[in-house]
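# Working through the structure, step by step
The primary structure of each chain is shown beneath.
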Amino acid sequence: MSAPWHTASTAFGAAALLASYGAVAAEPLRLGDAVLEPVELASLLGFSADDHAAGLDAFRLSCGAPLAPLSQLASVRGSTADLAAACTKARDVPREAARKFFETAFTAYRVTRPSRAIEAERRAGFLTGYFEPELSASLVPGPGFTAAALARPDDLVTFEPGQTPSGLDPSLRSARRTASGFEPYPDRAAIEDGALGDRAKPLLWLRDPVDLFVLQVQGSGRVRLPDGRILRVRYDGKNGRPYSSVVKTIVTEGHLPLEGLTFARWAGWLRAHPVEARRLMRTNAAYVFFKVEEAADVALGPPGAAGIPLTPGRSLAVDSTLWRYGLPFWLDGRLSPESETPGRLVVAQDTGSAIVGPARGDLYLGTGDAAGAAAGNLRHAIGFVVLLPKPAAAPVSADAR
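Residues numbered from 1 in each chain as written. Predicted model: local features only at pLDDT ≥ 70, side-chain atom pairs only at ≥ 80, totals over all residues. Heavy atoms only, no water.

### Topic: the layout of surface pockets
In this structure, the second largest pocket occupies an estimated 420 Å³ of space. Taken together, 25 residues form the lining of the second largest pocket, with Ala 147, Glu 192, Pro 209, Leu 212 and Met 281 sitting closest to its centre. Going through the elements one at a time, strand E6 (147–150), helix H6 (188–192), helix H7 (209–218), helix H9 (263–272) and helix H10 (274–282) are the ones with two or more residues in the lining of the second largest pocket. Tallied by class, the residues present in the lining of the second largest pocket amount to 15 nonpolar, four polar and six charged. (1 Å grid on protein atoms, 1.4 Å probe; cavity = no way out; pocket = protein on both sides within 12 Å on 5 of 7 lines; lining within 4 Å. Points joined across faces, edges and corners; volume = space filled by probe spheres on them. Helix = DSSP H or I, 4+ residues; strand = E, 2+ residues; numbered from the N terminus. Nonpolar A, V, L, I, M, F, W, Y, C, P; charged D, E, K, R; others polar.)

Put into structure tokens, the structure is as follows:
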């Protein structure tokens, strides 16, 4: 979790405008290798039974975020002006009219891959879950608190997309500032071995390296101090190195089976095998730095990449190089065998290193062990339907007001 909008391309604007008045666009909307196929929200299985008011609450939170964040490319799908207009309309919508608001203020498009031969694969995306861990911590080191969560070093520079200096790998989003220019930032192993020197400034100490690793993988978390006080530990940058899934490595090396592999199980295995754990965790070169603040509203999660607090079950991490923060999505399929409705309305409010592609999402599920167990069990093929706001000039039915 690290995991807010602009004007889309002329081609998108024209296609959306034509669609809004019933005309047929000459070319379908495309996003990478995906095609966006128009679909009626009312026709989606489970849409009528969802809690649309909860979706509206999450959307309104997004409306409080900046409209033009520097962290997203100008080419991402979603018009800032149209989203701003939808936010204006959402302001006075009664909760009981939430469904009508989404049906009238947005045009729904199913994300498909026409190149896939099998129909089920044309519509299939992939959804995982993530959570905010609650861990024990201390502001001073001591017995039982040995792993330091580090503050952002003053020589760490983060680049906006497309602004990586020449001479560095264009995919790098962070680097180390030196007297002679920029260089790649040290990887996890080097940082653990002391490469930061006196720039390694601990904010607090966690129980062990596994707790620290969990905090870094999730991107943020809550910690409970010995005096009972709760602090929120928030993402404040990373070293720019590629993320590698240690859980995947645990499975591929045969240490644990994928079936039934929960967060508690793989974290417990790492603690029980400290030598192997150190080696495996170092295969993930990415390293996350943090900042600490008071936990203001414990009902909401930490701020995502969009800059607003995450809502359990309604905040979605997406590929932020493709989708504008603030866009609603319909997850087309059951999130679990126990789910009462075959789908859910969510809002793009975060991103993540492993969230790549137009039909890939990570659903925020809340704080603590129960949320962690649910997140570990959420690994499903699921359909993605994006709700693009109608052009700002298009009127919205008075029934939605």
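### Thoughts on the pairing of strand E2 (residues 34–38)
Bridge analysis of strand E1 (residues 29–31) against E2 gives three bridges, and the strand direction is antiparallel. Residue pairing in the sheet places Arg 30 in a bridge with Val 35 of E2. Inspection of the sheet shows E2 paired to strand E3 (residues 106–112) by four bridges, in the antiparallel sense. Among the inter-strand pairings, Glu 37 is bridged to a residue of E3, identified as Arg 110. (Pairing = 2+ DSSP bridges.)

### Things to note about helix H2 (residues 52–63)
One full turn of an α-helix is made of 3.6 residues, so residues set three or four places apart face in the same direction. Here H2 is twelve residues long and its end C-alpha atoms lie 16 Å apart, about the 16 Å a rise of 1.5 Å per residue gives. Considering only its buried residues, H2 is in contact with helix H3 (80–90), helix H4 (98–105), E3, strand E15 (328–332) and strand E16 (344–350). (Expected span 1.5 Å × (residues − 1). Contact = heavy atoms within 4.5 Å.)

### Section: the packing of H7 against H9
At a closest axis distance of 9 Å, the pairing of H7 and H9 adopts a crossing angle of 140 degrees. With respect to each other, H7 and H9 are oriented oblique. When you trace H7 past H9, the crossing you get is right-handed. Touching Val 210, Asp 211 and Val 214 of H7 are Phe 263, Trp 266, Ala 267, Leu 270 and Arg 271, all from H9. Partitioned by chemical class, the residues of the contact of H7 with H9 number six nonpolar, no polar and two charged. (Axes fitted to C-alpha atoms, helices over the stretch in contact; angles between N-to-C directions. Parallel < 35°, antiparallel > 145°, perpendicular 65-115°, else oblique. Left-handed = near helix turned anticlockwise from the far one by under 90°.)

### Considering the sheet that holds strand E7 (residues 156–158)
The strand order across the open sheet formed by three strands is E7-E8-E9, and the pairing between neighbours is antiparallel. Each of the sheet's edge strands pairs with one partner strand only, and the pair in question is E7 and strand E9 (181–183). For this sheet, the mean angle separating the axes of adjacent strands, direction not counted, is 45 degrees. Here strand E8 (residues 174–178) pairs with E9 via three bridges, running antiparallel. Looking at E9, one finds that Thr 178 is bridged to Gly 181.

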